[in-house]
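# Examination of the molecular architecture
Each chain, written out:
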Amino acid sequence: MSRARAVLALSSLLPVLLLAGCSDDEPEPKFGPTPSATAPSSASPSPSAPAKSKHQQQAALIDDFIAAVTQALGTGDPSAFLALTADTCQNCRVLADNLEDAFSDGGRIEGGKWELISSDFQSEEPLGSVWNVDVRSARERWLDGDGQPTKIVRAGVQHFGLAIEKTEDGWLVREMRLRA
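How each quantity is defined
Residues numbered from 1 in each chain as written. Predicted model: local features only at pLDDT ≥ 70, side-chain atom pairs only at ≥ 80, totals over all residues. Heavy atoms only, no water. Pairing = 2+ DSSP bridges. Helix = DSSP H or I, 4+ residues; strand = E, 2+ residues; numbered from the N terminus. Axes fitted to C-alpha atoms, helices over the stretch in contact; angles between N-to-C directions. Contact = heavy atoms within 4.5 Å. Phe/Tyr/Trp six-rings, centres within 6.5 Å; stacked < 30°, edge-to-face > 60°. Buried < 20%, exposed > 50% of the residue type's maximum accessible area, 1.4 Å probe, protein only. Expected span 1.5 Å × (residues − 1). Core = buried A, V, L, I, M, F, W, Y, C linked by side-chain atoms within 4.5 Å.

### Focus: the pairing of strand S6 (residues 156-167)
Of the strand pairs in this sheet, strand S3 (residues 128-137) and S6 are connected by nine bridges, and their pairing is antiparallel. Counterpart to Ser137 in the pairing with S6 is Gly156. Pairing of S6 with strand S7 (residues 170-178), which is carried by eight bridges, proceeds in the antiparallel orientation. Pairing of Gly161 across the sheet is with Arg177, part of S7. Hairpin geometry of S6 and S7 is characterised by an intervening segment of two residues between the two adjacent antiparallel strands.

Here you go:
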């Protein structure tokens, strides 16, 4: 479970805990409402959930990005993960092109799955927030339209550097690079 999801899960328990402070004899809560409960911000998913920090938002983007890459490995359609990337992400485009080529003429990828192991913020740089991201990849068999293998990718752990940038619409992956 990612840190962002854990915070969201814990924050969803807050209303239950507040209600536990009430009894049948006293219909009023024993605790007064918090400022966030009386004046929710538009960025909060619920009145009692605190707004996500910049790094929590970026970590959520990384979770979504890795899940979208896994989806693309199964379908050959990279549009979901490309929607999470900036036009400047050259390696994202290379990955998208490779996936589209693999599925052209009836080809497919068997076993492709990426699982996020960790995402750790490193630093702020001119190109954005830099994160070290470790991904466990399953064994992949890339097959052509006749079912003949064209490539085998061994299972293993991939180490990426991701640069995340802020846009008008939110956060995007600006670049993805394989680390040693």
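### Some remarks on the sheet that holds S6
By definition, the strands of a sheet pair up through backbone hydrogen bonds, in either a parallel or an antiparallel sense. With antiparallel pairing, four strands are arranged side by side in an open sheet as S2-S3-S6-S7. Where the open sheet ends on each side, the last strands, each with one partner, are strand S2 (114-125) and S7. Across the sheet, the mean angle from the axis of one strand to that of its neighbour is 30°, orientation sign disregarded. Sheet strands in contact with helix H5 (residues 90-103) are S2 and S7, and its direction is about 75° off that of S7.

### Things to note about the side chain of Thr70
Residue placement: Thr70 occurs in helix H3 (residues 54-75). The residues touching Thr70, leaving out its near neighbours within four places in the chain, are Gly112, Lys113 and Trp114.

### Focus: the sheet that holds strand S1 (residues 108-110)
One open sheet holds the three strands; their spatial order is S1-S4-S5, and the pairing between them is antiparallel. Because the sheet does not close on itself, it has two edges, and the strands there are S1 and strand S5 (149-153). With strand direction ignored, the average angle separating the axes of adjacent strands in the sheet is 20°. Across the sheet, H5 is in contact with S1 and strand S4 (140-143); its angle to S1 comes to roughly 100°.

### Here we look at the packing of aromatic side chains
A full pass over the atoms with the stated rule returns three aromatic pairs. Aromatic side chains Phe65 and Phe81 sit 5.8 Å apart centroid to centroid with 90° between the ring planes, which places their arrangement in the edge-to-face category. On the criterion of sequence distance, the pair formed by Phe65 in helix H3 and Phe81 in helix H4 (residues 79-82) is long-range, its members being 16 residues apart. Judged by its relative accessible area of 0%, Phe65 falls in the buried class.

### Some details on H3
An α-helical turn contains 3.6 residues, so a residue and the one three or four places further along point in the same direction. For H3, spanning 22 residues, the distance from its first C-alpha to its last is 31 Å, which sits close to the expected 32 Å at 1.5 Å a residue. Gly76 lies just past H3 and shows a positive phi near 80°.

### Some details on the nonpolar core
In this structure, Phe65, Phe81, Leu99, Trp114, Ile164, Val173 and Met176 are the most contacted members of the largest nonpolar core, which totals 30 residues. Counting residues per element, the ones that place at least two in this core are H3, H5, S3, S6 and S7. It is H3 that provides the largest number of residues to this core, a total of nine residues. Among all residues touching Trp114, those that are not within four sequence positions of it are Ile66, Val69, Thr70, Leu73, Leu95, Val135, Arg136, Ser137, Glu140 and Phe160.

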